[in-house]
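What follows is each chain in one-letter form.
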Amino acid sequence: MKNLFNWILRLLVKIALHLFYRRIYVKGKENIPKNRPIILVANHQNALIDPLLLATHTRLNPWFLTRASVFKKPFIAKILHFIRMLPVYRVRDGFSTIQQNQKTFEATFEVLRRNGTVIIFAEGTHSHVRNLRPLSKGFTRMAFGLKEKYPESEPVILPVAMEFSAHKRSGSTVRITFGNPIPVDLPPSKSGLLTKKVEQSLREMVVLIPEDNYEKNLQNLIDAEVDLTIKQGVSDYLEKGIIDYQYESPSGLRNKLMKLFHLPLYWIWLWIKPKIDDHVFYATFKFLIGFFLGPLWYFLMIWAIFESGQAAWALTFFIMAIISLFWNKTPQE
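Structure report, in brief. (Residues numbered from 1 in each chain as written. Predicted model: local features only at pLDDT ≥ 70, side-chain atom pairs only at ≥ 80, totals over all residues. Heavy atoms only, no water.)

1. What to know about helix α7 (residues 214–223)
Because each turn of an α-helix spans 3.6 residues, side chains separated by three or four positions end up pointing in the same direction.
Right, so step 1: Of all the positions in α7, only Tyr214, Asn217, Leu218, Leu221 and Ile222 are classed as buried. For α7, the buried positions fall inside an angular range of 135 degrees around the axis, keeping them on one side. Looking at α7, the residues exposed on the side facing more than 90 degrees away from the buried face are Glu215, Lys216 and Asp223.
Right, so step 2: Taken together, the buried residues of α7 touch α8 (231–240). (Buried < 20%, exposed > 50% of the residue type's maximum accessible area, 1.4 Å probe, protein only. Helix = DSSP H or I, 4+ residues; strand = E, 2+ residues; numbered from the N terminus. Arc of directions from axis to C-beta. Contact = heavy atoms within 4.5 Å.)

Here you go:
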């Protein structure tokens, strides 16, 4: 039952993601090992959207390590565990809670022992900044802990880069790149080298805009219509002024029409928006509004076609809502 529920949920979320985003490109799926314990290490730019994309665009059925603060209520904790989430306690949660991470590591060992997958966002925090922050050592502790408990296991680290043309907007482009798997073939005393290997692999895939003059460089890239989701294109422009990969910026009309024909959902977003302190969660809340309330809005439009007495107008509005959803495209940011 649990596996069936998760399969159905992933399918629905995948469909919703492809409606929310204009394009989702996936590269390097051939690099995903089969019948091996996989610790998937990804950069983290877009809150809950990141794990949803990874869960729905691989065949891995992964478990996720999630900040422990969302597990405080027992009922919520049961739901999160049901959808394959495990808590991670950080220093900011209190030193007394750190010891509870051992239970989480034990749970991940059992997942990996069965050649399962665990996803960890090793930067530790999320950010819209197009760069790679230093990686924490949690994934190496997990890998070496697994080998210590189950010496016959052969885990690999799978680096993954995720890029967004516009982090906070629907109708944007997403690019997911799976790198080459990195075997855990070093002794635990060399864990630092393993961390550096993974970090170097991610640096070769993740778009990197230098911190110096970051905002100016970002704006120059946007003005030149360089595709911000392609590392090579960004690097070529910053280093040589060459434009290899372009992103055609649309007018705001497409997005405005989508909002017009989904006005109740847009109003809900405008009501929720001021209550969100962390802007990295903007896309998450927009997606969840569409995922849970979008079907209701479409049901009401279909009901209006058959029951309102204004079938022609209702049908026209319904068709325009569908068209505006697929036509929606937003500029880079």
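Next, the rest of the story.
2. Some points on the packing of helix α4 (residues 101–113) against helix α5 (residues 138–149)
Right, so step 1: Direction vectors running N to C along α4 and α5 enclose 65 degrees, while the axes themselves pass 10 Å from each other. Crossing of α4 over α5 shows right-handed handedness. For the pair α4 and α5, the contacting residues are Gln102, Phe105, Glu106, Thr108, Phe109, Glu110, Leu112 and Arg113 in the first and Gly138, Arg141, Met142, Gly145, Leu146 and Lys149 in the second.
Right, so step 2: When its residues are assigned to classes, the contact of α4 with α5 shows 5 nonpolar, 4 polar and 5 charged. (Axes fitted to C-alpha atoms, helices over the stretch in contact; angles between N-to-C directions. Left-handed = near helix turned anticlockwise from the far one by under 90°. Nonpolar A, V, L, I, M, F, W, Y, C, P; charged D, E, K, R; others polar.)

3. Focus on α8
Right, so step 1: Taken as a whole, α8 has its buried residues at Gly233, Val234, Ser235 and Asp236.
Right, so step 2: In this structure, the buried residues of α8 make contact with α7.
Right, so step 3: The positive-phi residue at the C-terminal boundary of α8 is Gly241, with phi of around 75 degrees.

4. Some thoughts on the nonpolar core
Where a protein is soluble and globular, its nonpolar side chains tend to be buried together.
Right, so step 1: Counting residues in hydrophobic clusters, the biggest one holds 34 residues, and the most contacted among them are Tyr21, Leu40, Leu53, Leu54, Val160, Ile176 and Phe287.
Right, so step 2: Contributing elements (two or more residues each) for this core: α1 (2–20), β2 (38–42), α2 (49–56), α3 (74–82), β6 (156–164), β7 (173–178) and α11 (282–307).
Right, so step 3: Val111, Ile157, Val198 and Met205 belong to the second largest nonpolar core, which has 29 residues in total. (Core = buried A, V, L, I, M, F, W, Y, C linked by side-chain atoms within 4.5 Å.)

5. Comments concerning the environment of Asn328
Right, so step 1: Locating Asn328 in the fold gives a position in the segment after α12 (311–327).
Right, so step 2: A relative accessible area of 4% means that Asn328 is categorised as buried.
Right, so step 3: Excluding residues that lie within four positions of it along the chain, Asn328 makes contacts with Arg22, Ser170, Gly171, Arg254, Asn255 and Met258.
Right, so step 4: Of note is the side chain of Asn328, whose polar atom sits 3.1 Å from the side chain of Ser170. (Polar contact = N/O pair within 3.5 Å; in protein donor to acceptor, adjacent residues only side chain to side chain.)

6. Comments concerning the packing of aromatic side chains
Right, so step 1: Counted by the stated rule, this structure contains 10 aromatic pairs.
Right, so step 2: Ring plane angle 50 degrees and centroid distance 6.1 Å describe the contact between Tyr21 and Phe164, whose orientation is recorded as tilted. One end of the pair, Tyr21, is in the loop between α1 and β1 (23–27); the other, Phe164, is in strand β6, with 143 residues separating them in the sequence.
Right, so step 3: For Phe164, a relative accessible area of 0% puts it in the buried group. (Phe/Tyr/Trp six-rings, centres within 6.5 Å; stacked < 30°, edge-to-face > 60°.)

7. Some remarks on the side chain of Asn255
Right, so step 1: Examined against the element boundaries, Asn255 turns out to sit in helix α9 (residues 253–260).
Right, so step 2: By relative accessible area, Asn255 is classed as buried at 13%.
Right, so step 3: In terms of polar contacts, Asn255 uses its side chain to reach the side chain of Asn328, at 3.1 Å.
Right, so step 4: With residues up to four places along the chain from it excluded, the contact list for Asn255 reads Ser170, Asn328, Lys329 and Thr330.

8. Examining the pairing of β7
Right, so step 1: By the criterion of burial, β7 is predominantly enclosed, with 6 of the 6 residues buried.
Right, so step 2: Alternating positions in β7 separate into two faces, Thr173, Arg175 and Thr177 on one and Val174, Ile176 and Phe178 on the other, with burial throughout.
Right, so step 3: Pairing of β1 with β7 involves 5 bridges; the strand directions are parallel. Looking at the pairing, Val26 lines up with Ile176 of β7. (Pairing = 2+ DSSP bridges.)

9. A word on the pairing of β2
Right, so step 1: β2 sits mainly inside the fold: 5 of its 5 residues count as buried.
Right, so step 2: Of the two faces of β2, the one carrying Ile38, Leu40 and Ala42 and the one carrying Ile39 and Val41 are both buried.
Right, so step 3: Inspection of the sheet shows β2 paired to strand β5 (residues 117–120) by 4 bridges, in the parallel sense. Considered in β5, the bridge of Ile39 is made with Val118.
Right, so step 4: Of the pairings in the sheet, the one linking β2 to β6 comprises 5 bridges and is parallel in character. In the strand pairing of β6, Leu40 is matched with Leu158.

10. Comments concerning the pattern of salt bridges
Right, so step 1: For the coordinates displayed, the defined rule picks out 7 salt bridges.
Right, so step 2: We note a salt bridge from Arg169 to Glu333, for which the minimum N-O separation is 3.1 Å. On the criterion of sequence distance, the pair formed by Arg169 in the loop between β6 and β7 and Glu333 in the segment after α12 is long-range, its members being 164 residues apart.
Right, so step 3: We classify Arg169 as partly exposed; its relative accessible area is 30%. (Salt bridge = Lys/Arg side-chain N within 4 Å of Asp/Glu carboxyl O.)

11. Let's talk about unusual backbone geometry
Trans is the common state for peptide bonds, and a negative phi is the common state for residues other than glycine.
Right, so step 1: Its identity as a non-glycine residue notwithstanding, Asn35 has a phi of 55 degrees, on the positive side.
Right, so step 2: Within the fold, Asn35 resides in the loop between β1 and β2.

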